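Secondary and tertiary structure notes
Below are the chains, spelled out letter by letter.
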Amino acid sequence: MSVVMKFGGTSVADPDAINRLIGIVRGQQAKSANRSAPVVVVSALAGVTDTLVAVAQMAEDGEGARAATELEALQERHLTVAAAVTSASRAKLLADVRCEFQELTGLVHALAVLREVSPRSRDAVHAVGEVVSSRIVAAAFADQGVPSAWIDARTVLVTDAEHNAAAPDMIETCERARARVAPELAAGNVAVLGGFIGATAHGVTSTLGRGGSDYSAAIFGACLDVDEIQIWTDVDGMLTADPRIVPQPRVVPQLSFAEASELAYFGAKVLHPSTILPAVTKNIPVRILNSRKPENAGTRITADAMPDAGRLTAIACKRDVTVIDITSTRMLMAHGFLRRLFEVFERFKTAVDVVTTSEVSVSVTVDDTRRLEAILDNLHNFAEASCEREMAIICAVGENLRADPTLFGKAVTSLDRIPLRLVSQAASRRNITFVLRNSDVPHAMMRLHETFF
Ligand code: ADP
Ligand code: ASP
Ligand code: MG
């Protein structure tokens, strides 16, 4: 069986975590009948990307000295971890890590002098976490007797030039994966790549957006036609709700691609929202597993998983969305009105999540408010428009919503007395979305969770 195994930040956080990772990969190889080597995709060590984001911000604010101090500490942390997990290749690895940080420090210094950080420079800074973590893990494998090859993900994952949220060029990426990654696997080497990072066709470093290592794993998995994409993380699988909001949620043993997509999109951080797409195109099962409890079954995501009758699958929430109400007594029913309305959002590259309509008004929610003023100005050309911030979306997901009409009523009833701004059930009838105030989220999530789980 061929697999891609992705390890998130907490699963490579320190020497113990990296040693656990090596144990898990060894276990996987022992299980595979043909002993085919897996592809291992790693995130930056826990917290590193957050620090790099802060460093880029310091550069933009002209705080070069503070940024340099942060980078020094970051280099120290990586050198300590690198030294602890290697032996024979230690000297070479430490030199490589120093070299990456030297280059980064020079770049950040230049950005701080200019006080200007373009999306492209930001990607160059953010990418270093995965470059060094993957170098460390590859060397650790080799020194612990697991043949491995470090492959710079930027030479494989080709993206467009939408820096900070780049999209993969699947055709080019698959060609390169077959040319560069597949031969290592065939030779019995574990191929180790950084997640999250890629490069444009011109070789400029890009990133897939925060949490993007899951997406990288799925992209490599689809290109190499693997049998399974494994997401190793710090929880037991997809949970029935965000554990930071609802205490003691349960593990969802299996769910469908469509359910997982909805949950990821509406806030289940355990999976990057784009992860499912490459898996769907090749029909590759995705497993979510806990790297501290590798013996657990985790969650299995497949095309046709059906939950137990009478239940929802899970709930998720996305905070800090903005509701825009658009009212036009004259024009709403006129043909062409909705086209005109959505063209405004398209022009300003702003995605709309939830939409509800009535006779004279349309309400939509948006996540990205960077162009909100311009959107409202443009809407004012043909309608009244106002917005309300600090709202949230709660999304209750379950294939069973299609078959069991009582679930909808049960969900709404459980939210009794919590003011609901919008409620919608999409045509797929796989989810119900509620829009409510940010401050009502914990209460509403607990009520829904109590009702259904
Ligand atoms: P990694 O670094 O391994 O990619 P993330 O922090 O990105 O891990 O994602 C795992 C975290 O997602 C969990 O620790 C948990 O707090 C959060 N999370 C939010 N919603 C869910 C959910 N429905 N199921 C599981 N985890 C969730
Ligand atoms: N390190 C990146 C982040 O923190 C990517 C990832 O972990 O998936 O966003
Ligand atoms: Mg993640």
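I will try to describe carefully the structure that is included in this document.

Thresholds applied
- Residues numbered from 1 in each chain as written.
- Chains lettered and ligands numbered in written order.
- Predicted model: local features only at pLDDT ≥ 70, side-chain atom pairs only at ≥ 80, totals over all residues.
- Heavy atoms only, no water.
- Salt bridge = Lys/Arg side-chain N within 4 Å of Asp/Glu carboxyl O.
- Helix = DSSP H or I, 4+ residues; strand = E, 2+ residues; numbered from the N terminus.
- Buried < 20%, exposed > 50% of the residue type's maximum accessible area, 1.4 Å probe, protein only.
- Near = heavy atom within 4 Å.
- Polar contact = N/O pair within 3.5 Å; in protein donor to acceptor, adjacent residues only side chain to side chain.
- Areas by Shrake-Rupley, 256 points an atom, 1.4 Å probe, with all protein chains shown as cover.
- Nonpolar A, V, L, I, M, F, W, Y, C, P; charged D, E, K, R; others polar.
- Core = buried A, V, L, I, M, F, W, Y, C linked by side-chain atoms within 4.5 Å.
- Contact = heavy atoms within 4.5 Å.
- Disulfide = S-S within 2.5 Å.

**Brief notes about the pattern of salt bridges**
Under the criterion given, the structure shown has 25 salt bridges. For K282, the salt bridge goes to D225, with nearest N and O atoms at 3.5 Å. Of the two residues, K282 sits in helix α10 (residues 276-282) while D225 sits in the loop between α8 (213-223) and β8 (228-233), which places them 57 residues apart along the sequence. For K282, a relative accessible area of 36% puts it in the partly exposed group. Since its relative accessible area comes to 48%, D225 is described here as partly exposed. Its salt-bridge partner being R421, residue E388 comes within 2.8 Å of it at the nearest N-O pair. In this pair, E388 sits in strand β15 (residues 384-397) while R421 sits in strand β16 (residues 420-425), placing the two residues 33 residues apart along the sequence. Taking the relative accessible area as the measure of exposure, E388 reaches 32% and is therefore partly exposed. Assessed through its relative accessible area of 28%, R421 is described here as partly exposed. Connected through salt bridges with shared partners, the residues K92, D96, E100 and R135 form a single ionic network.

**A look at the site of ligand 2**
In the vicinity of ligand 2, the contacting residues are S43, T49, E130, F196, R210, G211, G212 and S213. Contacts to ligand 2 include G211, whose backbone N or O atom sits 2.8 Å from an oxygen atom. Relative to its unbound accessible area of 270 Å², ligand 2 is 85% covered by the protein chains.

**Quick word on the site of ligand 1**
Taken together, 16 residues sit near ligand 1, with K6, T233, D234, L239 and K269 positioned nearest. Contact between ligand 1 and G9: an oxygen atom at 3.2 Å from a main-chain N or O atom of the residue. At 3.4 Å from an oxygen atom of ligand 1 is found a side-chain nitrogen or oxygen belonging to R244. If ligand 1 stood free it would expose 570 Å²; the protein chains cover 87% of that surface. Class assignment for the residues of the shell around ligand 1 results in seven nonpolar, four polar and five charged.

**Overview of the nonpolar core**
Formed by 57 residues in total, the largest nonpolar core has its most connected members in V181, L193, I229, L271 and I301. For this core, the element with the most residues is α8, which contributes six residues. With near-sequence residues (within four places) excluded, V181 lies in contact with V39, I151, V156, R176, A191, L193 and L224. Of all hydrophobic cores here, the second largest spans 49 residues; its members include A44, L52, A67 and L71.

**Here's the deal with the state of the cysteines**
Applying the stated rule across the entire model yields one disulfide. The disulfide partner of C174 is C223, and the S-S distance across this bridge is 2.3 Å. Classification of the bridge connecting C174 and C223 rests on its S-S torsion, roughly -75 degrees, and on that basis the disulfide is left-handed. Taken as a pair, C174 in helix α7 (residues 170-186) and C223 in helix α8 lie far apart in primary sequence, 49 residues in all. There is no split in this pair, since C174 and C223 are both buried. As a non-bridged cysteine, C317 has C395 as the owner of its nearest cysteine sulfur, 10 Å distant. According to the relative accessible area criterion, C317 is buried, its value standing at 9%. Residue classification places C395 among the buried residues on the basis of a relative accessible area of 0%.

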